[in-house]
Amino acid sequence: MNTTFSPAVTSKTKSIVINALFIALTLVATMFINLRLPIMGNGGLIHMGNVPLFIAALVYGKKTGAIAGAFGMGLFDLISGWAVWSPFTFIIVGAMGFLAGLISEKLPGNRILVNTLAIAVALIIKVVGYYFAEVILYGNWVQPFGSIPGNIMQVVIAGIIVVPLAGRLKKRSI
């Protein structure tokens, strides 16, 4: 069979499609599967956008994880009334996806332990990153502590969902 598509073009097209898919999945999961918290002075949001973000990072690697997180959640912030958060989200969640993917790609060993470590590193990035983002936005060193439990909860829940699935999904990935 003669085809005009080279393997490089097909691979690049596949990469673009996978990245776009995970941007969309992250955006949709963040936008529609969430719970707004009325308990903190600054509001708060617990969402499931970390699930597709971590699947992207653990199954397809650091680049797809960074792109899905940065653009998917950054876009959510822009279109949902949280626009002031968008630059912070772009950097913080992009770093979460990149480092989770990097750890999953590079560390040898038991995949469940490696992926759990990757999620734990992402959790640290999220908690520290958003703490300092809130300090910048609110000019207060105490108020941001109120967001930490929600940030921990959303990453832990996503990790519980994703870690058992990531190995199986990677074996079946295209």
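Quick caveat: nothing in here was measured; it's all calculated off a predicted structure.

What to know about the overall build of the chain
(1) Moving on: A count of helical and extended segments in the chain gives 6 helices and 2 strands.
(2) Moving on: In the chain, the order of α-helices and β-strands from amino to carboxyl end is α-β-β-α-α-α-α-α.
(3) Moving on: Each of the 174 residues in the chain was classed as buried or not, and the buried ones make up 44%.
(4) Moving on: A separation of at least 24 residues holds for 68% of the contacts in the chain among residues at least 6 apart in sequence.
(5) Moving on: By element, 75% of the accessible surface of the chain is carried by carbon and sulfur atoms, the whole surface being about 9400 Å².

Observations regarding the pattern of salt bridges
(1) Moving on: Counting across every chain of the model gives 1 salt bridge.
(2) Moving on: Where K62 meets E105, a salt bridge forms, and the shortest distance between an N and an O atom there is 3.1 Å. One end of the pair, K62, is in helix α3 (residues 62-79); the other, E105, is in helix α4 (residues 86-106), and 43 residues separate them in sequence.
(3) Moving on: Here K62 falls in the partly exposed class, since its relative accessible area comes to 24%.

Quick look at the environment of A68
(1) Moving on: Locating A68 in the fold gives a position in helix α3.
(2) Moving on: Taking relative accessible area as the criterion, A68 reaches 0% and is therefore assigned buried.
(3) Moving on: Each C-alpha atom of the pair A68 and L53 lies 5.8 Å from the other, and the pair is 15 residues apart in sequence.
(4) Moving on: Apart from the residues within four sequence positions on either side, A68 is in contact with F22, I23, T26, A56 and M73.

Quick look at the packing of helix α2 (residues 50-60) against helix α5 (residues 111-138)
(1) Moving on: The N-to-C vectors of α2 and α5 enclose an angle of 130 degrees; their axes lie 11 Å apart at closest approach. When the axis of α2 is compared with that of α5, the two are oblique. For the pair α2 and α5, the crossing hand works out as right-handed. Across the interface between the two elements, N50, F54 and L58 from α2 touch N115, A118, I119, A122 and K126 from α5.
(2) Moving on: Residues belonging to the contact of α2 with α5 are distributed by class as follows: 5 nonpolar, 2 polar and 1 charged.

Let's talk about the packing of α5 against helix α6 (residues 148-172)
(1) Moving on: Relative orientation of the contacting elements α5 and α6 amounts to 160 degrees, with a least axis distance of 10 Å. The angle between the axes of α5 and α6 places the two elements in the roughly antiparallel class. Between α5 and α6 the crossing geometry is right-handed. Contacts from I112, N115, T116, I119, L123, K126, V127, Y130 and Y131 of α5 reach α6 at I148, N151, I152, Q154, V155, G159, V163 and A166.
(2) Moving on: Residues belonging to the contact of α5 with α6 are distributed by class as follows: 11 nonpolar, 5 polar and 1 charged.

Here we look at a nonpolar patch on the surface
(1) Moving on: Taken together, the side chains of I124, V128, F132, W141, V142 and F145 make up a nonpolar region of the molecular surface, amounting to roughly 650 Å² of accessible area.
(2) Moving on: In this structure, V142 sits in the loop between α5 and α6.
(3) Moving on: On the accessibility criterion, V142 (61% relative accessible area) is exposed.

Digging into the nonpolar core
(1) Moving on: Core analysis: the biggest nonpolar cluster contains 39 residues, and F54, M96 and V162 have the highest contact counts within it.
(2) Moving on: Of all the secondary structure elements, the ones that give two or more residues to this core are α1 (7-32), α2, α3, α4, α5 and α6.
(3) Moving on: Here this core takes 11 residues from α5, the largest share from any one element.
(4) Moving on: Apart from the residues lying within four places of it in its own chain, the contact partners of M96 are N50, L53, F54, A122, I125, K126 and V155.

Rules used throughout
- Residues numbered from 1 in each chain as written.
- Predicted model: local features only at pLDDT ≥ 70, side-chain atom pairs only at ≥ 80, totals over all residues.
- Heavy atoms only, no water.
- Helix = DSSP H or I, 4+ residues; strand = E, 2+ residues; numbered from the N terminus.
- Buried < 20%, exposed > 50% of the residue type's maximum accessible area, 1.4 Å probe, protein only.
- Contact = heavy atoms within 4.5 Å.
- Areas by Shrake-Rupley, 256 points an atom, 1.4 Å probe, with all protein chains shown as cover.
- Salt bridge = Lys/Arg side-chain N within 4 Å of Asp/Glu carboxyl O.
- Axes fitted to C-alpha atoms, helices over the stretch in contact; angles between N-to-C directions.
- Parallel < 35°, antiparallel > 145°, perpendicular 65-115°, else oblique.
- Left-handed = near helix turned anticlockwise from the far one by under 90°.
- Nonpolar A, V, L, I, M, F, W, Y, C, P; charged D, E, K, R; others polar.
- Patch = residues over 30% accessible without salt bridge, like charges linked within 9 Å, V, L, I, M, F, W, Y side chains within 5 Å.
- Core = buried A, V, L, I, M, F, W, Y, C linked by side-chain atoms within 4.5 Å.

Bear in mind that shape data such as this cannot, by itself, settle questions of function.
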